[in-house]
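Working through the structure, step by step
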Amino acid sequence: MFAVCVVRDSDPGLNAGKAKPLYDLLVSFADVASRDTSQGYPYREVLAASLDCSKQTVDRAADYLETEVGLITVHRRKVEGKPDENDANLYELHDSWLIQGMAPPAGTPAQLVARYGHTVPGLDVDAWVREHAPGFDLAGWRAVHDEKLRAQEAKREEQRRKERVRRKKPKKGGGVTHDATPGGAASRGGSVMGDATGGVTHDATGGVVGDALSKDVVQEPSSRGTTAPSARSAGGVRSTSTSGSRSQGRSGSAAANKAESAEGSGKGLPGQRGEEKLSRKQLTAVRAVEALLPPLLAAQLPYGHIPTRNRPAVLEALESRTLDQLRDRIATRWAAYGYEPAIHHGELRSAVGAALELIAPTRHCPDLGCEDGTLIDTGEDCRVCTQRKEQRRADRLAGKAPAGGGKAAAAAVECLDCGHPFPGAVPADRLCKPCREAPAAAIAAFLAREHQEAQRRREAQELAEEAERRRARRASRTVTAVEDVDQEQATETEADARLRAELLADNPWMADYAQATPDAPAIPQLS
């Protein structure tokens, strides 16, 4: 007994490795009632031998089934009485509710319910997750899963398109079979399958059959023309130069437009640089730059690589930047140009055009040392880019066409203010989000600074008032202390006078002594 929805799942993670075969194998070891392998007791060596792979491959497949799919739970055990010796793992399967078509029990992994819950009639996946797994981000999981499915479908569609192109362009003197099997190697698999080895079959399987068939694949067609420019290796590219100029045809915009036109037509123009065959060193340099692209964008490229006709643009970028500098350029533009949100929302017009925009030199600036408005050697602002941006802003506020006008300006898909390209649909005001929000952000920053200044003034005034109050309290305490001393002295004087009066009343004979002065002592000297 096994879950049919799992076997029919087209998830590359399940099909590329040993995940799906491992599930089928664990079903054969599992008990029908308990759905675990406590009775079968399979060791990793047995599973690896049955799947003809290594134990590490079994571990990776089990980890994918456990963490990504939630189909199994691996309980790792030790030999009883020997804590340092591993015993056979216990594999618990969570597929009984899928087999029986019933609601999943409590404790079922939430990702498994989110993935296959729709196959059970009447099951409300959202309600089940809210009740049994409130901490699971169902919306985020669905977004990532849908994006994976879209990327997979886009790759398949690209594979189908390329196969249709190959079928429609048979070589002289042969049909599909003749094109796919050069030299008449029909016995080695030269058929429609052989025609797809360079892309679909070889990329999808990557196994023994794909490796064998790939040896008979015809190289990509190349037009006759001038020799491709020499490129430096990935580790020895030329450092930055702050002088020199380049023509408009070598800018990133031209490269992106070339990529879009090439993708749209499916045909190469005779004599283009992009169709020339590259040397091994040049191809290595291109692959090193491709490795710097964000994985989300690289997955959108045809077969995960930049097309042949667009590779000279990559070599051109390597002529003035090192790999580390290109890595910084790609990371900065990936965030600044908004390609990641465009991919997530399905608005990216061209994956190849986006890749070239990330790699290409700074648009519309003749200074090779300029990196998107900043001189890479000194860190100062590029005067050319600053003046151009100010001129574009002035022209936009005056209602004029962008500099360079005409059809090129009308067809340009770039921001009227900063000149950055639009990754998706062009807004009506032709302004990118940062430029549109810049005035509001500036006003907000100004108001924030005013609020902070007013708060600082209030705090200073409160401190001054508190200091004045402290001084007043100290002065008041001083006056009170003086008054208290005077009062005490007056009280003591009054007490002395009263005491003398009482003594004179009781002893009249002491009146003469009371009248004495310091010059004439009242007490007679005894002889």
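Residues numbered from 1 in each chain as written. Predicted model: local features only at pLDDT ≥ 70, side-chain atom pairs only at ≥ 80, totals over all residues. Heavy atoms only, no water.

Describing two packed helices takes the angle between their axes plus the distance from one axis to the other. Where helix α3 (residues 19–29) contacts helix α4 (residues 44–51), the axes come no closer than 11 Å and their chain directions differ by 125°. As far as their axial angle goes, α4 and α3 are oblique. For the pair α3 and α4, the crossing hand works out as right-handed. Contacts from Pro21, Leu22, Leu25, Leu26 and Phe29 of α3 reach α4 at Val46, Leu47, Ser50 and Leu51. (Axes fitted to C-alpha atoms, helices over the stretch in contact; angles between N-to-C directions. Helix = DSSP H or I, 4+ residues; strand = E, 2+ residues; numbered from the N terminus. Parallel < 35°, antiparallel > 145°, perpendicular 65-115°, else oblique. Left-handed = near helix turned anticlockwise from the far one by under 90°. Contact = heavy atoms within 4.5 Å.)

Right, let's talk about the side chain of glutamate 147 for a bit. By the element assignment, glutamate 147 lies in helix α9 (residues 138–168). In this structure glutamate 147 comes out as buried when scored by relative accessible area, which is 8%. Filtering out sequence-adjacent residues up to four positions away, glutamate 147 remains in contact with Leu296, Gln300, Ile343 and His344. (Buried < 20%, exposed > 50% of the residue type's maximum accessible area, 1.4 Å probe, protein only.)

Now for the packing of α3 against helix α5 (residues 55–69). Interaxial distance between α3 and α5 falls to 9 Å at its minimum, and their mutual angle equals 85°. Comparing their axes, α5 and α3 come out roughly perpendicular. Two secondary-structure elements touch here, α3 through Ala19, Leu22 and Tyr23 and α5 through Val58, Ala61, Ala62, Tyr64 and Leu65. A breakdown of the residues in the contact of α3 with α5 according to their chemical character gives 8 nonpolar, no polar and no charged. (Nonpolar A, V, L, I, M, F, W, Y, C, P; charged D, E, K, R; others polar.)

Time to look at helix α8 (residues 125–132). Of all the residues in α8, the buried ones are Val125, Trp128 and Val129. Considered in projection along α8, the buried side chains sweep an arc of 95° and stay on one side of the axis. Exposed positions of α8 whose direction lies more than 90 degrees from the buried face are Arg130 and Glu131. The elements touched by buried residues of α8 are α7 (110–116) and α9. (Arc of directions from axis to C-beta.)

What follows is about a nonpolar patch on the surface. Taken together, Phe2, Val4 and Val7 make up a surface patch of nonpolar side chains, about 230 Å² in accessible area. Along the chain, valine 7 turns up in helix α1 (residues 4–7). (Patch = residues over 30% accessible without salt bridge, like charges linked within 9 Å, V, L, I, M, F, W, Y side chains within 5 Å. Areas by Shrake-Rupley, 256 points an atom, 1.4 Å probe, with all protein chains shown as cover. Salt bridge = Lys/Arg side-chain N within 4 Å of Asp/Glu carboxyl O.)

All right, on to the nonpolar core then. Grouped together as the largest cluster of nonpolar side chains are 40 residues, with contacts concentrated most on Leu22, Tyr23, Leu65, Leu71, Ile72, Leu98 and Tyr116. In this view, leucine 71 contacts Val6, Tyr23, Leu65, Glu92, Leu93, His94, Asp95 and Leu112; residues no more than four positions away in its chain are not counted. (Core = buried A, V, L, I, M, F, W, Y, C linked by side-chain atoms within 4.5 Å.)

This part takes up α4. Among the residues making up α4, those that are buried are Leu47, Ala48 and Leu51. Each buried residue of α4 sits inside an arc of 95° when the element is viewed along its axis, so together they form one side. Where α4 is buried, its residues meet α3, α5 and β4 (90–93). Aspartate 52 lies just past α4 and shows a positive phi near 55°.

Our focus in this paragraph is the state of the cysteines. Per the counting criterion, the structure on display carries 0 disulfides. With no disulfide partner, cysteine 382 has as its closest neighbouring cysteine sulfur the one in cysteine 365, 3.7 Å distant. (Disulfide = S-S within 2.5 Å.)

The next thing to look at is the environment of leucine 65. As for its placement among the helices and strands, leucine 65 is situated in helix α5. A relative accessible area of 0% means that leucine 65 is categorised as buried. It is 9.9 Å that separates the C-alpha atoms of leucine 65 and leucine 93, two residues lying 28 residues apart in sequence. Once you skip the residues sitting within four places of it in the chain, leucine 65 turns out to touch Leu14, Ala19, Leu22, Tyr23, Gly70, Leu71 and Ile72.

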